[in-house]
Amino acid sequence: MENTVLHVADVHKSFAGLHALSDIDLSVREGETHAIIGPNGAGKSTLLNVCIGRLKPDSGHVVFDGENLTGKQPHEINQLGVVRVFQTPEIFPELSLLENVMIPILAKRDGSFKLRWFRRFSSEKTARIEAEHLLSDLGMETLIRTDAGSLSRGDKRRLELAMGLAQKPRLLLLDEPTAGMARHDTNATIELLKRIKAGGMTKVIIEHDMHVVFSLADRISVLAGGRIICQGTPEEVKNDPRVKEAYLGEEQV
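A quick note: this is a predicted structure, and the numbers were derived from the prediction, not measured.

Structural notes on the overall build of the chain
(1) Moving on: Helix and strand counts for the chain come out as 10 helices and 10 strands.
(2) Moving on: Put simply, the chain has 253 residues, and 50% of those count as buried.
(3) Moving on: Sequence-distant contacts in the chain: of pairs separated by 6 or more residues, those separated by 24 or more amount to 65%.
(4) Moving on: About 11,700 Å² of surface is accessible on the chain, with carbon and sulfur atoms providing 48% of the total.

Okay, here's the thing in structure tokens:
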């Protein structure tokens, strides 16, 4: 498909005989925001884990920008520009927000990172300025000296988003980016992701909040029982009777 940056082709994945993913075939176009929705247990996080190399599919393959990712290690896929922000924040709780965001900036620059050497480089000026700008974009400029472990769940989610953006991804995979956030923080995150979209970054989002999905998505894939039951624009998905029955419900569309 023209301008396709990510192609998941005929992917199957089972766990002890349970079919977590079956016949998964989807394409993500360059520069778009592609949402993946579905009920709990539909296979959404499993699909992202296959894309980043944490899980190997039983069959099928994943191609990013013409390169087959199947069989590659997560760090190799990350180096190609595929970055995932996890549902459970993966941060350094003993470090400040500023230091947390500087870590991926320095790691991206130097090609590797060892935590024990971090404080030696923590005064590096350009990384510090870049981290401050990212945190400011997320409305966290007053918290930059705060220990990350003391943050609320919603603020931890925003911090990890900043850490993901610090890696300058070509493809950003977001797993429940607004989980645990108050509505005003959710709306602020939506506006930030819209600005990122305007900059041309390709994103795949797993999200249960339909306000977030319909505010951001160019196209949506709906998973149920490990299979894609519908793909299309937000309007097409919203009005699809299969989606209403399997997930959204008449009252939510």
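Having put the structure on the table, let's press on.
Quick look at empty space enclosed by the protein
(1) Moving on: Summed over the entire model, instances satisfying the criterion amount to 1 cavity of 30 Å³ or more.
(2) Moving on: If you add up the space inside the largest cavity, you get close to 40 Å³.
(3) Moving on: Along the walls of the largest cavity sit Leu6, Val8, Leu26, Ile36, Leu47, Leu48, Cys51, Leu173 and Val204, which together make up its complete lining.
(4) Moving on: Mapped onto the lining of the largest cavity, the elements with two or more residues apiece are strand 1 (4-15) and helix 1 (44-51).
(5) Moving on: Tallying contributions element by element places helix 1 first for the lining of the largest cavity, with 3 residues.
(6) Moving on: Grouping the constituent residues of the lining of the largest cavity by class yields 9 nonpolar, no polar and no charged.

Considerations on the pairing of strand 7 (residues 171-175)
(1) Moving on: Of all the 5 residues making up strand 7, 5 are buried; the element is thus mostly covered by neighbouring parts of the structure.
(2) Moving on: Across the two faces of strand 7 the burial is the same, with Leu171, Leu173 and Asp175 and Leu172 and Leu174 all buried.
(3) Moving on: In this sheet, strand 7 lies alongside strand 6 (residues 82-85) in parallel orientation, the contact comprising 4 bridges. Bridged to Arg84 within strand 7 is Leu173.
(4) Moving on: Strand direction decides the pairing type here: strand 7 and strand 8 (residues 202-206), joined by 5 bridges, are parallel. Note on strand 8: the bridge partner recorded for Leu173 is Val204.
(5) Moving on: Each parallel crossover has a hand, and the one from strand 7 via helix 7 (residues 183-198) to strand 8 is right-handed.

Regarding the environment of His208
(1) Moving on: By secondary structure assignment, the location of His208 is in the loop between strand 8 and helix 8 (210-216).
(2) Moving on: According to the relative accessible area criterion, His208 is partly exposed, its value standing at 30%.
(3) Moving on: Among the polar contacts made by the side chain of His208, one reaches the side chain of Glu176 at a distance of 3.2 Å.

Considerations on the side chain of Asp155
(1) Moving on: With respect to the element layout, Asp155 can be found in helix 6 (residues 153-165).
(2) Moving on: On the accessibility criterion, Asp155 (14% relative accessible area) is buried.
(3) Moving on: In contact with Asp155, other than residues within four places in its own chain, are Met140 and Leu143.

Some thoughts on the nonpolar core
(1) Moving on: Formed by 34 residues in total, the largest nonpolar core has its most connected members in Val101, Leu135, Leu159, Leu161, Leu165 and Leu172.
(2) Moving on: Every element with two or more residues in this core is listed here: strand 6, helix 3 (97-110), helix 5 (125-137), helix 6, strand 7, helix 7 and helix 8.
(3) Moving on: The element best represented in this core is helix 3, accounting for 6 residues.
(4) Moving on: Excluding anything up to four places from it in sequence, Leu159 contacts Ile91, Leu97, Asn100, Val101, Leu135, Met140, Ala148 and Leu151.
(5) Moving on: Membership of the second largest hydrophobic core comes to 26 residues, among which are Cys51, Val62, Val82 and Val204.

Digging into the sheet that holds strand 1
(1) Moving on: One open sheet holds the 4 strands; their spatial order is 2-1-4-5, and the pairing between them is antiparallel. Each having just a single partner strand, strand 2 (18-29) and strand 5 (67-68) make up the two edges of the open sheet.
(2) Moving on: Sheet topology places strand 4 (residues 59-64) next to strand 5; 2 bridges connect them, and they run antiparallel. Looking across to strand 5, one finds that Val63 is bridged to Asn68.

Considering the packing of aromatic side chains
(1) Moving on: This model, assessed by the stated rule, comprises 0 aromatic pairs.
(2) Moving on: In this structure, Lys238 is placed above the aromatic ring of Phe214, and the distance from its NZ or CZ to the ring centre is 4.7 Å.

How each quantity is defined
- Residues numbered from 1 in each chain as written.
- Predicted model: local features only at pLDDT ≥ 70, side-chain atom pairs only at ≥ 80, totals over all residues.
- Heavy atoms only, no water.
- Helix = DSSP H or I, 4+ residues; strand = E, 2+ residues; numbered from the N terminus.
- Buried < 20%, exposed > 50% of the residue type's maximum accessible area, 1.4 Å probe, protein only.
- Contact = heavy atoms within 4.5 Å.
- Areas by Shrake-Rupley, 256 points an atom, 1.4 Å probe, with all protein chains shown as cover.
- 1 Å grid on protein atoms, 1.4 Å probe; cavity = no way out; pocket = protein on both sides within 12 Å on 5 of 7 lines; lining within 4 Å.
- Points joined across faces, edges and corners; volume = space filled by probe spheres on them.
- Nonpolar A, V, L, I, M, F, W, Y, C, P; charged D, E, K, R; others polar.
- Pairing = 2+ DSSP bridges.
- Right-handed = clockwise from strand over helix to strand, strands pointing away.
- Polar contact = N/O pair within 3.5 Å; in protein donor to acceptor, adjacent residues only side chain to side chain.
- Core = buried A, V, L, I, M, F, W, Y, C linked by side-chain atoms within 4.5 Å.
- Phe/Tyr/Trp six-rings, centres within 6.5 Å; stacked < 30°, edge-to-face > 60°.
- Lys NZ or Arg CZ within 6 Å of the ring centre and 35° of its normal.

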